[in-house]
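# Results of the structural survey
Each chain, letter by letter, is given below.
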2 protein chains.
Amino acid sequence: MSGSPLRLDILARCTQSRARVGQIHTPHGVFHTPAFMPVGTRGSVKGVLPSQVAATGAQILLNNTYHLMLRPGSELIRRRGGVHRFMGWNSPVLTDSGGYQAYSLAAMNRVDDDGVTFKSIVDGAEVRLTPERAIHVQNELGADIIMAFDDCPPSIDPSVHEPNQERLRNATARDGRPPHPGGKRGYDHVARLAVANERTVTWLERCKRAHTRQGDQALFGIVQGGTDLDRRSWSAERICQIDLPGYAIGGVAVGESGDQIAAVVRHTAPLLPDHKPRYLMGVGYECDIVEAVRAGIDMFDCVLPTRNGRNANAFTRFGQIRLRNLRFAEDDAPIEADCDCYACDPGAHGWPLPGTGTSHGTFSRAYIRHLFMAGEMLGPTLVSIHNLRHFQRFMAAVRDAIRTGTWSGFFERWPVATRRTGTNPS
Amino acid sequence: MSGSPLRLDILARCTQSRARVGQIHTPHGVFHTPAFMPVGTRGSVKGVLPSQVAATGAQILLNNTYHLMLRPGSELIRRRGGVHRFMGWNSPVLTDSGGYQAYSLAAMNRVDDDGVTFKSIVDGAEVRLTPERAIHVQNELGADIIMAFDDCPPSIDPSVHEPNQERLRNATARDGRPPHPGGKRGYDHVARLAVANERTVTWLERCKRAHTRQGDQALFGIVQGGTDLDRRSWSAERICQIDLPGYAIGGVAVGESGDQIAAVVRHTAPLLPDHKPRYLMGVGYECDIVEAVRAGIDMFDCVLPTRNGRNANAFTRFGQIRLRNLRFAEDDAPIEADCDCYACDPGAHGWPLPGTGTSHGTFSRAYIRHLFMAGEMLGPTLVSIHNLRHFQRFMAAVRDAIRTGTWSGFFERWPVATRRTGTNPS
């Protein structure tokens, strides 16, 4: 695609998998891939200032179009100079299309061939989103990468009441987002998925035609199809016939098991063009990321680091720890011994703490637990910073493993990335 | 006092008032006076990391003994190496005695000649605080400056139901703290104040005897007496007969008018030793601070910058602005044009924002308003940082005005410090 605002340079390929290391050039600078994008839903990574986000190593952020279009409105952000300037982030930004939230967050939504109508979660007003409108809003927001508006039906049949389906529907989705609401009557799930798949192709063509900033915003198409691999093949073929700067796999991590996610990604990623960025939306846990990287995925986003951080759940190389737990009440160690984030090693960030005796300067688990027990805002801030840094360190290690082809050493160092059930990616 | 852990060097004196500029040496370093101390109630300045607090220019913090003794407990903090190490602040710290909160926050309290019994706001348990216990707890916390445990009856008679008294009792105190609860029957206010004044002297002697860390913690006595100037004289004389490294004026800014505060401070400050630090507890607004500085006060603390910051109220040289106001929705200016805080001028803190056209890089009022409307944590954080910097810039200007004796220029530059009613300090 000539004149694309985006360029992927592949710098190294794994000898043992489809994984690749690269860098993606955008109008607001470069980011290294495979990349993890923190989520700044409403134009802010919750509790973490943009300079602190940058200090964790993040090079690109995601903003949610749905939230920003409802409040403060995309026109207001356009008049402020776009999302970068509005939120104080001078590096790449990606916006989603708003479709996912229009389907999953709204108490009411009505979909037809032209678009979706839903009630605003801010003021209950009726809002209409079509491919043209979703692209117009994203043109106003001004992110470097914008996403197609697709039809996203529930991947799990909401009319079936098998115990397992029930469990999946009621469970919090793997990425912490609410699963699609279920329980509709008179609903033909297979027919609905077929319609959605067709519609997503038509809507992508409309998105591309509506896109007025093709010179400085890269539009990505989204492959859908749920857990049905034939449907994924059909969607990938049709979507990739439309020439775009990059492609994403959507409709994943909305309630399925890790094995189901892996199966879809292993099947679908190789169907996307090799020389363009591949983005797996809403994933996720370390083990899911590694599997997807090895299938050839370049970009990830997830709310896990900040959402779990706000709940005192800290990621470590060995798994999550819950800092509200009583066993940390007198623990002088940092969240993770060898972490270099501001919370674990403030000295490395120009803030030497008073150290006594054998301990080194750090915000201790004991102090952070106290902050959470007392309801102090610094608790969520410190653990969010640590978790964001965790995922950036993890991605740096992933890129290193790809370059050197040494996955066994990688899994020894990052046991959290080893899948507990099903196939082990190593 | 030989062997004092504290030393006040007076560097300059105002030619037009009793104000002085100095520096106070403590075991954790020096702070410049007149000084404003941000409040870190539970071992954290709400929403602001210690490195960010230091970047505002604050050189000393206040922690509340009452809150820390209830949670996480002073023994736990002692085992962590004290408050400095616990909260990651390697500069001077002051702790209050817990008395004020024991009286004002508890649903129940019972005072006798030996101490106070109250219910914990954390778990409802019955807690006993005596002069010995308050000092023991502060010895465990390990602050550089610790405060005497005093008897603090309501300064306003809780049994009188005049409209004005009622108003004062129900109003939020000037410093944002709740006023003393009222409405007790069979209560003799004058007798109660007399007993409290006597008791405070006896309790100070007990505090001094109980103090086991006189070599590295400086105990300050507190002059009480409400708005009765004769009682203040009596208290100042008796309290200052007890040789201590510094003295405070307590029982102020608990519901009185600005004129009442000024009258008490102008009367009492000159009664305290000239060569030792003088601390006016819980004050306050800029105009109150200036009046007190000119009466000879060296130290101030208040929750205003952070409490108001959390509510979107930003301090400026011209008064407070409410950033939730609709008129800021499309305002690209920083909170205050010539402020150098992280929120107003992130470039000065190593974080250059994307600037376009005529505007310079800043977190705009429009963005900060959006953060508050959307309930994002960064709103409170950014405005708290700005407000903390406001008070530090203000104190630097106060110190400059003292050195140069140019108060008229000072009030032109800081109109917010001009008292609207009553006497003007300029």
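Residues numbered from 1 in each chain as written. Chains lettered and ligands numbered in written order. Predicted model: local features only at pLDDT ≥ 70, side-chain atom pairs only at ≥ 80, totals over all residues.

### Digging into the overall build of chain A
- Each helix and strand counted, chain A has 15 helices and 16 strands in total.
- A total of 426 residues make up chain A; the buried ones form 55% of that total. (Helix = DSSP H or I, 4+ residues; strand = E, 2+ residues; numbered from the N terminus. Buried ≥ 20, exposed ≤ 12 C-beta atoms within 10 Å, placed from the backbone.)

### What to know about the pairing of strand 12 (residues 246-249) of chain B
Residue and element names in this part refer to chain B.
- The alternating pattern of strand 12 places Gly246 and Ala248 on one face and Tyr247 and Ile249 on the opposite face, and all of these are buried.
- Pairing of strand 11 (residues 218-223) with strand 12 involves four bridges; the strand directions are parallel. Each bridged residue has a counterpart across the sheet, and for phenylalanine 220 the counterpart in strand 12 is glycine 246.
- Across three bridges, strand 12 lies against strand 13 (residues 278-280) in parallel orientation. For alanine 248, the partnering residue across the bridge sits in strand 13 and is tyrosine 279.
- Once the chain exits strand 12 it traverses helix 10 (residues 258-268) before rejoining the sheet at strand 13, and the crossover so formed is right-handed. (Pairing = 2+ DSSP bridges. Right-handed = clockwise from strand over helix to strand, strands pointing away.)

### Re the confidence of the model for chain A
Residue and element names in this part refer to chain A.
- In this model, chain A carries an average pLDDT of 90, and 89% of its residues clear a pLDDT of 70 or more.
- Low pLDDT, under 50, characterises residues 163-183; the stretch is placed with 45 contacts to residues that sit more than four places away or in other chains.
- Counting contacts from residues 422-426, a segment whose pLDDT is below 50, to residues more than four positions away or on other chains yields 12 contacts.
- Two summary scores accompany this predicted model of the complex, namely pTM at 0.93 and ipTM at 0.93. (pLDDT = per-residue confidence, 0-100. Contact = placed C-beta atoms within 7 Å.)

### Side note on the interface of chain B and chain A
- Chain B puts 38 residues into the contact, and the matching count from chain A is 38 residues.
- At the level of elements, helix 3 (74-79), helix 4 (83-87) and helix 13 (365-373) of chain B are the ones that each hand at least two residues to the side of chain B that touches chain A.
- Counting residues per element, the side of chain B that touches chain A draws most heavily on helix 13 of chain B, which supplies five residues.

### Topic: the relation of the copies chain B and chain A
- In the superposition of chain B on chain A (RMSD 0.0 Å, axial shift 0.0 Å), the rotation amounts to 180°. The operation mapping one copy onto its partner corresponds to a two-fold rotation axis.
- Interface residue correspondence from chain B to chain A reaches 97%, placing this contact among same-surface, isologous pairings. (Least-squares fit on C-alpha atoms with pLDDT ≥ 70 in both.)

### Concerning the packing of helix 6 (residues 131-141) of chain A against helix 8 (residues 189-210) of chain A
Residue and element names in this part refer to chain A.
- Packing of helix 6 against helix 8 leaves a shortest axis separation of 8 Å and a crossing angle of 40°. With respect to helix 8, the element helix 6 is oriented oblique. Relative to helix 8, the crossing made by helix 6 is right-handed. When helix 6 is examined against helix 8, the residues Pro131, Glu132, Ile135 and His136 are found in contact with a partner set consisting of Trp203, Arg206, Cys207 and Ala210.
- Considering only residue class, the contact of helix 6 with helix 8 consists of five nonpolar, one polar and two charged. (Axes fitted to C-alpha atoms, helices over the stretch in contact; angles between N-to-C directions. Parallel < 35°, antiparallel > 145°, perpendicular 65-115°, else oblique. Left-handed = near helix turned anticlockwise from the far one by under 90°. Nonpolar A, V, L, I, M, F, W, Y, C, P; charged D, E, K, R; others polar.)

### Quick word on helix 14 (residues 378-404) of chain A
- Given a rise of 1.5 Å per residue, 27 residues ought to cover 39 Å, and the 39 Å separating the end C-alpha atoms of helix 14 of chain A matches this to within 8%.
- Note on helix 14 of chain A: the residue one or two positions beyond its end, Gly405(A), has a positive phi of about 65°. (Expected span 1.5 Å × (residues − 1).)

### Focus: the domain arrangement of chain A
Residue and element names in this part refer to chain A.
- The domains assigned to chain A are domain 1 (7-302) and domain 2 (313-417).
- Distance between the C-alpha centres of domain 1 and domain 2: 29 Å.
- Each side of the interface is counted separately: domain 1 has 25 residues, and domain 2 has 23 residues.
- Those elements that place two or more of their residues in the side of domain 1 that touches domain 2 are strand 2 (20-26), strand 4 (35-38), helix 1 (50-55) and helix 11 (286-295). (Domains from an automatic or database assignment.)

### Some points on the pairing of strand 2 (residues 20-26) of chain B
All names here are of chain B.
- Counting buried positions along strand 2 gives five out of seven residues, so the element sits mostly inside the fold.
- Of the strand pairs in this sheet, strand 1 (residues 7-13) and strand 2 are connected by six bridges, and their pairing is antiparallel. Counted as the bridge partner of leucine 8 is isoleucine 24 from strand 2.
- Linking strand 1 to strand 2, which pair antiparallel, is a turn of six residues.
- Where strand 2 meets strand 3 (residues 29-33), five bridges bridge the pair, whose relative direction is antiparallel. When the sheet's bridge partners are listed, glutamine 23 is paired in strand 3 with histidine 32.
- Linking strand 2 back to strand 3 in an antiparallel pair, the connection comprises two residues.

### Some thoughts on unusual backbone geometry
- Look at the link from Thr33(A) to Pro34(A): it is a cis peptide, with omega at -5°.
- Looking at the element boundaries, Pro34(A) is found in the loop between strand 3 (29-33) and strand 4.
- Put simply, Val283(B) and Gly284(B) share a cis peptide bond, and its omega is -10°.
- In this structure, Ala312(A) takes a positive phi of about 70° despite not being glycine.
- Mapped onto the fold, Ala312(A) is located in the loop between helix 12 (304-310) and strand 15 (313-316).
- Its 20 C-beta neighbours within 10 Å are what place Ala312(A) among the buried residues.

### Points about the sheet that holds strand 12 (residues 246-249) of chain A
All names here are of chain A.
- Pairing is parallel in the open sheet, where eight strands are placed in the order 4-14-13-12-11-10-6-5. On the outer flanks of this sheet lie strand 4 and strand 5 (61-63), each paired with one strand and no other. Averaged over neighbouring strand pairs, the angle between their axes works out to 25° when direction is ignored.
- Two strands pair when backbone bridges link them, and strand 4 and strand 14 (residues 299-302) are joined in this way by four bridges, in the parallel orientation. The residue of strand 14 that forms the bridge with phenylalanine 36 is phenylalanine 300.

### Focus: the environment of Glu237(B)
- Along the chain, Glu237(B) turns up in helix 9 (residues 229-240).
- A sequence separation of 34 residues divides Glu237(B) from Leu271(B), and the C-alpha atoms of the two residues are 7.4 Å apart.

### Concerning the sheet that holds strand 9 (residues 126-129) of chain A
Residue and element names in this part refer to chain A.
- One open sheet holds the three strands; their spatial order is 7-8-9, and the pairing between them is antiparallel. Strands at the two margins of the open sheet, each flanked by one partner only, are strand 7 (109-111) and strand 9. Going from strand to strand, the sheet's axes swing by 15° on average, the running direction of each strand aside.
- The sheet contact formed by strand 8 (residues 116-119) and strand 9 spans four bridges and is antiparallel. From the neighbouring strand, threonine 117 faces strand 9, where its bridge partner is arginine 128.

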